[in-house]
Structures are given as C-alpha cells and as structure tokens.
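Overview (structure and organization)
Below are the chains, spelled out letter by letter.
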Amino acid sequence: MKYDIKDIKLAPAGKKRIEWAGAQMPVLELIKARFKKEKPLKGVTLGACLHVTAETANLMIALKEGGANLALCASNPLSTQDDVAASLVKDYGIPTFAIRGEDKKSYYKHLNDVLDFHPQITTDDGADLVTLLHTERKSQLKEVIGSAEETTTGVIRLKAMLKDGALKIPVMAVNDSDTKHMFDNRYGTGQSTIDGIIRATNILLAGKKFVVAGFGWCGRGLAARARGLGAQVIVTEVNPVKALEAVMEGFEVMPMDTAAKIADIICTATGDKDVLTMKHFKLLKEGAIISNTGHFNVELDYDGLIKAAKSRRVLRNNLEEVVLGTKKIFVLGEGRLINLAAAEGHPPDVMDMSFANQALGAEFFAQNQEGLEVKIYTIPEEMDQNIALLKLNAIGVKIDVLTPAQKKYLESWHEGT
Ligand code: ADE
C-alpha cells in the first residue's frame, strides 16, 4: 500500500484517539453500521482531501465499511494529526498522504498522490482537489461522478467556477446542509477557535477587547463563545444585514480601521482576503494578538508583516512575537486557521453531523451515477432533517409531531382571520 506519513510508530496513540472521537459520533456510527450491511459504495474509488483528524478518520472508516476504495490527503498543511494518519495506514489500511507542517510542494504532491488512485468521487475541504482536477489533471474529469465540498470557502470557489463556465463535474455542497453549517460552522468553529487561541497563548479572555471579523455562521459562533468567556466583543462586517444582526445581538460594530486601534485580540472569520493588512498592523496597539480562523491563510497578510518586521521570535507553539517599528505584536499559527493549527479542530460531536452529510453525499453520488448535471447540488432536505432527528435520538431528546389537522392547516390558505 502506498502512503506518506510522518511516522508509522505513532499509530497506537492515533487509534485510541480515533476510537474516542468515534464514540462521540453516534449518527455516523449508525450510517457506518448500515453501510457495512448494504455496501452502497462497493467498488467505488473515493479520493478525499480533508483535515486529517480523528473525526475525519471515522468518516474514512465508515466509507470503507460502505465498500469504497479510499485515498486521503490533507486539506491544510498545518492541520494533520500525525498519529491519526499513522493509524489510518496501519490499523485501517487506508492510503494516507499527510504530514503536519508539510511545505506547499509536498502538500500538492500529496493531492496528486490521491488523484493517482483515479477517484470517481472526490471530497474536498476548500476545493483544492477539484481545482487540481480542473487544471493539471483534466484528463481525469471524465472519470469523476461527483465531488463533495465541506466548507463555505470551498463552496464559494465552486460557485465562482460554475459562474465562469469552468466547472465540469457535479458538486455536492455539503456545507449548505442545515445540519452542517448551523452547527459545525457556528458551535464547532466557536469552541475550537477559542480553544486554539487559548492553547497558543494561555491568556485570560475575560475583560479583553476581542474583535471578530465577519459575522457569518463561524463569526457569530466565535463572537458568542468569546462573550461567554467575558470578553468585550467587537464585530466588523461588510454586509449591512449581518452587521445589524450583530448590533441587535448586543455586539459593538465598527470598521476594522477603528477596531484595530483598540483590539487586544483580533480573529478573522470572513472567507475573504486582505481583512488585516499592513494598514491595520500599523494601527494595532502594543501587545495586540492577531489570528485567523478562516479556511485559507489569506485573511491576514502574514507575509507582508514578516517582511516589514524588525525582528521576530517564536515564544510558544503557534505564538510568534513580531516587532514592527517600536511595537510588539503577536501572531498566532502564522495566520493559518487557528482552530486546527493550535487545537484539534471541531469536536467530534459536531463533526458527527457534518460527516453524516459527507457519507450520505457519497452514497447519493454512487446511487445516482447516471443523469447527474454539472451543477451544485445540496443534500436533499429530508436527509438533512433525518440527520437532525438521528442526532436528537442519540442525545435522548424527544420532540413533538404535527397532528394531521396542523399539517393540513400549514398546507392550506383558506383559514385566516
Ligand atoms: N474542520 C474543522 N474541524 C475539523 C475536524 N475536527 N475534523 C475534520 N475537519 C474539520
């Protein structure tokens, strides 16, 4: 079996972490048990480019139980859990190509390694694999049934490809399921970003001026959790509706040019580039901490900052002191997504639903090989609702059911005042 990982001897530690995470993922467990019986992915080759974490390992195991041949690479050079990668190879026989801290060249080598398996279904977190397929590996496009996309940033990229007429394969926007973005993006990013910031710095958040750039699902989760720890949260936005929501949620809202001057900590969560540039770095006060939790490291201009720095030194893992003129500022995780760079990403309980969507998305492609259009699909609403119901069952929460009269009332327009 081909693979490229840091050290196979790390497998025993990885296996225990995979098992612990799996125990918090009851919905995926149910899907895995069904997949084991029904083998809906029998004979299908699936290439995945995801954060190589204990949670992803459980998705891979479920897909393998479903009969898929798999290959996995990392969707970010800094997010791989090397012990998990080792266990995937040694204990589960899944070809894995991922080493934490890999450089850009080996990151892309690993994506190409996965495409060498000639996947019929691909799964991305950020759309790098799909982009490679559409650029350097075009001849393989005809082999692909469809591709699933995990994250907001990836879906934005794919929509841009579709608009440009560049997209050549059907795509499933897993991110757009309610049971994905309303939970993973909000509660997952909220908690894991705070976790990353604290692991990198060990600072107290209570009383700090904490600036969240972007009030999408991720930003609002982060803002809520920072407030929960006693921070004075400031939100920056470009969208008037989202800005108004932030105001009515009780957050201070202001332009970044103003926020940068008073921030103790800034974390970007916008999905766009140039949110923090040299202009802002110059405005920061002494000791300010800057970080990003968006998918790509384009939100803050780390390279520009490093170029302008008088000196720099690493104080702790993922915490770098940068001297700019006479001022010290601190950058976390080189501006990469801090929840996976400094912590372990979203907790398994929430990845449970995200990866239930991924597994069902792969099944959807395998079952509907004929007649799919080149467009961006979403998981059918009934499946999305069913994932929520399974999760509620798993955590022992019961809900009401509409009576026939209530159902009829909702479907008719005759009854009014
Ligand atoms: N994205 C965010 N958190 C993650 C995790 N724990 N595993 C895989 N992908 C993630």
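Residues numbered from 1 in each chain as written. Predicted model: local features only at pLDDT ≥ 70, side-chain atom pairs only at ≥ 80, totals over all residues. Heavy atoms only, no water.

**Here we look at the packing of helix H1 (residues 11–23) against helix H3 (residues 54–65)**
Note the following rule: Interaxial angle, 0 to 180 degrees, is taken between N-to-C directions of lines fitted to C-alpha atoms, where a helix line uses only the stretch in contact. Per the convention used, a helix needs a DSSP run of H or I reaching at least four residues, while a strand needs a run of E reaching at least two, with both numbered from the N terminus. Angle categories: roughly parallel below 35 degrees, roughly antiparallel above 145, roughly perpendicular from 65 to 115, and oblique for all the rest. In this description, contact between two residues means that some pair of their heavy atoms is separated by no more than 4.5 Å. Classification convention: Asp, Glu, Lys, Arg as charged; Ala, Val, Leu, Ile, Met, Phe, Trp, Tyr, Cys, Pro as nonpolar; all other residues, Gly among them, as polar.
Interhelical geometry of H1 versus H3 gives an angle of 80 degrees and a closest axis separation of 8 Å. With respect to each other, H1 and H3 are oriented roughly perpendicular. Residues Arg17, Ile18, Ala21 and Gly22 of H1 form the contact with H3, whose participating residues are Ala54, Glu55, Ala57, Asn58 and Ile61. Across the contact of H1 with H3, the residue classes break down as five nonpolar, two polar and two charged.

**Structural notes on the sheet that holds strand E10 (residues 265–268)**
Two pairing modes exist for strands in a sheet, parallel and antiparallel, and in both the strands are linked by backbone hydrogen bonds. For clarity, the cut-off: Should DSSP find at least two bridges between two strands, the strands are regarded as paired.
Ordered in space as E9-E8-E7-E10-E11-E14-E13-E12, the eight strands form an open sheet in which the pairing is mixed. Only two strands of the sheet have a single neighbouring strand rather than two, namely strand E9 (252–253) and strand E12 (311–316). Relative to strand E7 (residues 209–213), helix H9 (residues 217–228) is tilted by about 170 degrees, and along the sheet it contacts E7, strand E8 (232–236) and E10.

**A few points about the nonpolar core**
Selection rule: Nonpolar cores are built from buried Ala, Val, Leu, Ile, Met, Phe, Trp, Tyr and Cys residues. Side-chain atoms within 4.5 Å join them into one set. Only protein chains enter the calculation, and the probe is 1.4 Å; a residue is then buried if its accessible area is under 20% of its type maximum, exposed if over 50%, and partly exposed in between.
Counting residues in hydrophobic clusters, the biggest one holds 53 residues, and the most contacted among them are Leu46, Val52, Leu59, Met60, Leu63, Leu88 and Met172. Those elements that provide at least two residues to this core are H1, helix H2 (26–38), strand E1 (45–50), H3, strand E2 (69–74), helix H4 (82–90) and helix H15 (348–367). Top contributing element to this core by residue count: H15, with ten residues. Each residue touching Met172, except ones within four places of it in the same chain, is listed here: Ser147, Ala148, Glu149, Gly361, Phe364, Phe365, Tyr377, Thr378 and Ile379.

**Side note on the environment of Arg313**
Considering the arrangement of structural elements, one finds Arg313 in strand E12. The class of Arg313 is partly exposed, set by a relative accessible area of 49%. Along the sequence, Arg313 and Ile198 sit 115 residues apart, while their C-alpha atoms lie 19 Å from each other. Excluding its chain neighbours within four sequence positions, the residues that come into contact with Arg313 are Leu319, Glu320 and Glu321.

The analysis is restricted to geometry; functional conclusions fall outside its scope.
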